[in-house]
Structures are given as structure tokens and as C-alpha cells.
Amino acid sequence: MTKQGTLGVAVIGTGRMGADHVRRINEVTSGARVAAVVDIDAERAKQLADRIDGCTAYTDPAAAMGSPDVDAALIASPGPAHEAALLKAFERDLPVLCEKPLTPDADSALRVMEAEQKAGHRLVSVGFMRRYDAEYLKLKALLDSERFGRTLMLHCKHRNVSTPPGFTNQMMINDSVVHEIDTTRWLLEQEITAVTVLRPTPSSGAPEALSDPQLVLFETSGGSVVDVEIFVNCGFGYQVQCEAVCESGSARVGDGHALVSNTAGRWGGDIDQDFVTRFEDAYDREVQRWVDATRRGTVEGPSTWDGYAAAAVCEAGVRAQATGARTVTSLIERPALYR
Ligand code: ISE
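Computed from a prediction, not measured in an experiment: that's the story for all the values here.

Parameters at a glance
- Residues numbered from 1 in each chain as written.
- Predicted model: local features only at pLDDT ≥ 70, side-chain atom pairs only at ≥ 80, totals over all residues.
- Heavy atoms only, no water.
- Helix = DSSP H or I, 4+ residues; strand = E, 2+ residues; numbered from the N terminus.
- Buried < 20%, exposed > 50% of the residue type's maximum accessible area, 1.4 Å probe, protein only.
- Near = heavy atom within 4 Å.
- Polar contact = N/O pair within 3.5 Å; in protein donor to acceptor, adjacent residues only side chain to side chain.
- Areas by Shrake-Rupley, 256 points an atom, 1.4 Å probe, with all protein chains shown as cover.
- Nonpolar A, V, L, I, M, F, W, Y, C, P; charged D, E, K, R; others polar.
- Axes fitted to C-alpha atoms, helices over the stretch in contact; angles between N-to-C directions.
- Left-handed = near helix turned anticlockwise from the far one by under 90°.
- Contact = heavy atoms within 4.5 Å.
- Salt bridge = Lys/Arg side-chain N within 4 Å of Asp/Glu carboxyl O.
- 1 Å grid on protein atoms, 1.4 Å probe; cavity = no way out; pocket = protein on both sides within 12 Å on 5 of 7 lines; lining within 4 Å.
- Points joined across faces, edges and corners; volume = space filled by probe spheres on them.
- Phe/Tyr/Trp six-rings, centres within 6.5 Å; stacked < 30°, edge-to-face > 60°.
- Expected span 1.5 Å × (residues − 1).
- Domains from an automatic or database assignment.
- Buried area = accessible area lost by both parts, 1.4 Å probe.

Our focus in this paragraph is unusual backbone geometry. Cis geometry is adopted by the peptide bond preceding P101, which originates at K100 and carries an omega value of -10 degrees. By secondary structure assignment, the location of P101 is in the loop between β5 (96-99) and α5 (106-119). Look at the link from D212 to P213: it is a cis peptide, with omega at 10 degrees. Looking at the element boundaries, P213 is found in the loop between β8 (192-198) and β9 (214-220). We note that E189 has phi near 55 degrees; this positive angle belongs to a residue other than glycine. Of note, A264 is a non-glycine position whose phi angle comes to about 45 degrees, a positive value. Looking at A264, the relative accessible area reads 76%, which means it is exposed.

Another point: the site of the ligand. Residues in contact with the ligand, as listed here, are K100, M129, H158, N160, F167, D175, S176, H179, Y238 and F275. S176 is positioned with one of its side-chain polar atoms (N or O) 2.7 Å from an oxygen atom of the ligand. For the ligand, whose unbound accessible area comes to 300 Å², protein coverage reaches 88%. Counting residues per element, the shell around the ligand draws most heavily on helix α7 (residues 169-188), which supplies 3 residues. A class-by-class count of the residues in the shell around the ligand yields 4 nonpolar, 4 polar and 2 charged.

It is worth spelling out the packing of helix α1 (residues 16-27) against helix α9 (residues 280-296) at this point. Here α1 crosses α9 at 65 degrees, and the two axes come no closer than 11 Å. Considering how the two elements wind past one another, α1 and α9 form a crossing that is right-handed. On α9, the residues touching M17, H21, R23, R24 and I25 of α1 are E280, Y283, D284, E286 and V287. Tallied by class, residues from the contact of α1 with α9 come to 4 nonpolar, 1 polar and 5 charged.

On to the pattern of salt bridges, then. Counted under the stated rule, the structure contains 24 salt bridges. Salt-bridge contacts for R159 lead to E229; the nearest nitrogen and oxygen are separated by 2.7 Å. On the criterion of sequence distance, the pair formed by R159 in strand β7 (residues 151-159) and E229 in strand β10 (residues 225-231) is long-range, its members being 70 residues apart. Judged by its relative accessible area of 16%, R159 falls in the buried class. Connected through shared salt-bridge partners, R131, D182, R185, E191, D306 and R334 make up one network.

On to the layout of surface pockets. The space that makes up the largest pocket amounts to roughly 1300 Å³. As for the largest pocket, its lining consists of 48 residues, and the residues nearest its centre are M17, A76, S77, P78 and D175. Among the secondary structure elements, those contributing two or more residues to the lining of the largest pocket are α1, α3 (61-65), α4 (82-91) and α7. Of the residues in the lining of the largest pocket, the class split is 23 nonpolar, 17 polar and 8 charged. In this structure, the second largest pocket spans a volume of roughly 590 Å³. Lining of the second largest pocket is provided by 26 residues; of these, G256, H257, A258, D270 and D272 occupy positions nearest its centre. Listed by contribution, the elements that provide at least two residues to the lining of the second largest pocket are α6 (134-145), β11 (239-246), β14 (266-268), α8 (275-278) and α9. Residues that form the lining of the second largest pocket fall into these classes: 9 nonpolar, 8 polar and 9 charged.

Next up on the list: the packing of aromatic side chains. Evaluated as defined, the whole model comprises 3 aromatic pairs. For the pair Y238 and F279, a centre-to-centre distance of 6.3 Å together with 90 degrees between the ring planes defines the contact as edge-to-face. Remark: F279 occurs in the loop between α8 and α9 and Y238 occurs in the loop between β10 and β11; sequence separation between them is 41 residues. Neither residue differs from the other here; Y238 and F279 are each classed as buried.

In this section: α1. Residues separated by three or four positions in an α-helix point in the same direction, a consequence of the helix having 3.6 residues per turn. If you check α1, its first and last C-alpha atoms are 17 Å apart, about what 12 residues at 1.5 Å a residue would give, namely 16 Å. Buried within α1 are the following residues: M17, G18, D20, H21, V22, R24 and I25.

A separate point is the domain arrangement of the chain. Annotation of the chain at the domain level lists domain 1 (7-130 + 281-303) and domain 2 (133-278 + 310-338). Just the C-alpha atoms count here: the centres of domain 1 and domain 2 sit 26 Å apart. Residue-level contacts link 24 residues of domain 1 with 25 residues of domain 2. Approximately 2100 Å² of surface area, both sides summed, lies buried where domain 1 meets domain 2, with 61% of it carried by carbon and sulfur atoms. Remark: the boundary between domain 1 and domain 2 carries 2 salt bridges. Notably, a salt bridge pairs D274 with R16, separated by 2.1 Å at the nearest N-O pair. Counting across the domain 1 and domain 2 interface gives 7 residue pairs in polar contact (both at pLDDT 80 or more). For the side of domain 1 that touches domain 2, the elements supplying multiple residues, two or more each, are α1, α5 and α9. The dominant element in the side of domain 1 that touches domain 2, judged by the number of residues it contributes, is α5, at 7 residues. Across the side of domain 1 that touches domain 2, the residue classes break down as 10 nonpolar, 5 polar and 9 charged.

Here you go:
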């Protein structure tokens, strides 16, 4: 570790999320600095690196992770590039915060899990940021306390203003609903055993070939049922809500009532327009917790197992979406490293 224990981080991928993490580590997080940025766009990486003291630009993740200035990696490149970067990080025994999805499918997630087991200890935390959101943390504490009894159902809403070009039906599961998959597993501490996807007549605002919105149903190993409205071109805002229905009460997060105003015969508030602002605090907490744990020599947060389980449910979800049939999920037995 460099400079009195300051963690030198290589940020791999400097698109929307990666660039935001570079800003965060540089300006918000304590105990870490951006030692390297990596992007296939050399100019983009250079422009970012030039603004940060002691930061070097690379186009090759392996070269960045081989630098003596780098103690840990934050992977924020597109999902299909994660496996190669993770395997390189393991070769150097580098701790990694890997943005979701861990990898795009269960087979590649299994390969990553095998490589981590060969390393002999956990190195990866997966960036499922909702686990760090203040409201979700309160909901988790309430459900864990069982004050309202057992959780019977979750009703989830996941709405985006619009999708970038090329966004597909499969991405509605792999990129978007993957958050509810992780949230369900984390909140209920159960596995998802079956997925069904219903597709109403698409909104006239949906891009061609996108079946938007969709209703996704999960059944869980403990007998709970979860419904997820995924609507990625709703046009009006970024909304993520979750209501837990328990035996003697219910609790909801994500109403976004931080400020309620009254004027000219109306009341209301603002709706976030994207995940970068809606989950800003959660991302700050996630990265700080990762840096603190890494500097202590420990690994916390969602594991490679969680990334694999989410990928396996996504695969079932994509099949369910294509066939319209209830689709059973399948997971390998949980390896000892993740128990
Ligand atoms: C995006 O990749 C995210 O992770 C957002 O949280 C999610 O709301 C969005 O649908 C995804 O495309």
C-alpha cells in the first residue's frame, strides 16, 4: 500500500459508472486514491488520468493491475469484460470491487468462482449498491427483526426514464431486474427457485422490439412470492420501490419523499432521473466500506456466490421471458468458501 496506507485503486472502465467512481474515490472516499484508470478509449483514459495527481492511464487492465502503485481494482467495464479482468486480478491476489453483473451468465460466473477458490480466499465484492442504501438497510433490519412476523411477499417497482440505444429485452432482466434478484435474496435470505415473466402490450413509448413494461414473478425457497414491475422507458423518472408484506404489517422504501413542497394549489416533489443521483449515498457507502475492509485486509459485501446466484436466476428469467412459461432455477451446491 502506498502513502501511509492509502489504497491505490485501478478503476477499469471509465464509462458513466466508472467515471463516477473515479470522481468518488478522488473527492469523497477516504483512505484511497485513483492510481490508474483503464479504458479501451486511450484518449478518454488519458483525459481522466491527467486531472488526477499520480494517476496513470492504460488501455489494458492487466498492465494497470501489474503496476506496483495498484493495490486493488474497481471493475466498472461492461459485463462481458469482467471475467478476464477478474482472473487477472486473482493472479496478482488483488482485492476487487466488481460492478454488477459479476459476469453475463452462470457458466462464466462459475469459472470466476472456481478461480477465486483456487486463490484460497475471497477477493471479490460485487457492487449490488442497494445493499448500501439507507432506506433498504432499514427495511433489512426490520425484516431481520421479525417484528412484523415472516415476510410473505415483496412488491417491487423498477422504473427508468429511458434506455440507451441497443437495450434489449434480455437486458431488462440481466441489467435491470438483476438488482431485484439480489435484493430478494438479501432481504429474505432465501434462494429464488422459479421465475415467470408476463408481458403486457408494450407502451407506445417503448423502442421497437422492446417489450416494455414487463412483470416478473419470483418464487423463493421459503415460500415467499415477489413481483417486479420493470418499466425501463417510463419517461418520467428513475423510481425504485420495494414494499414488504409481512404477517402483521408492511413496510415500503423508495417513495423519494425527501422534500415535499406546496405551492399554487398543488403539492409534490422531485423524482430522480437516474441511478447515479438516486443511489449516490449508497455508492459512496459501498466504496468507502470496500476501501475500509480492504485496508484492514478483509473482504465484505456481496460475494462471488451472490454474483453467480444472480446470474443463474437471470438465465432462468431470460428463458421465462422468451417462453412465457414458469421456469425453475438451478444452482450448484454452495462452496465452503461462501458459507
Ligand atoms: C443499469 O445498468 C443499472 O444498474 C440501474 O441501476 C438500473 O436501474 C438500470 O435499469 C440498468 O440498466
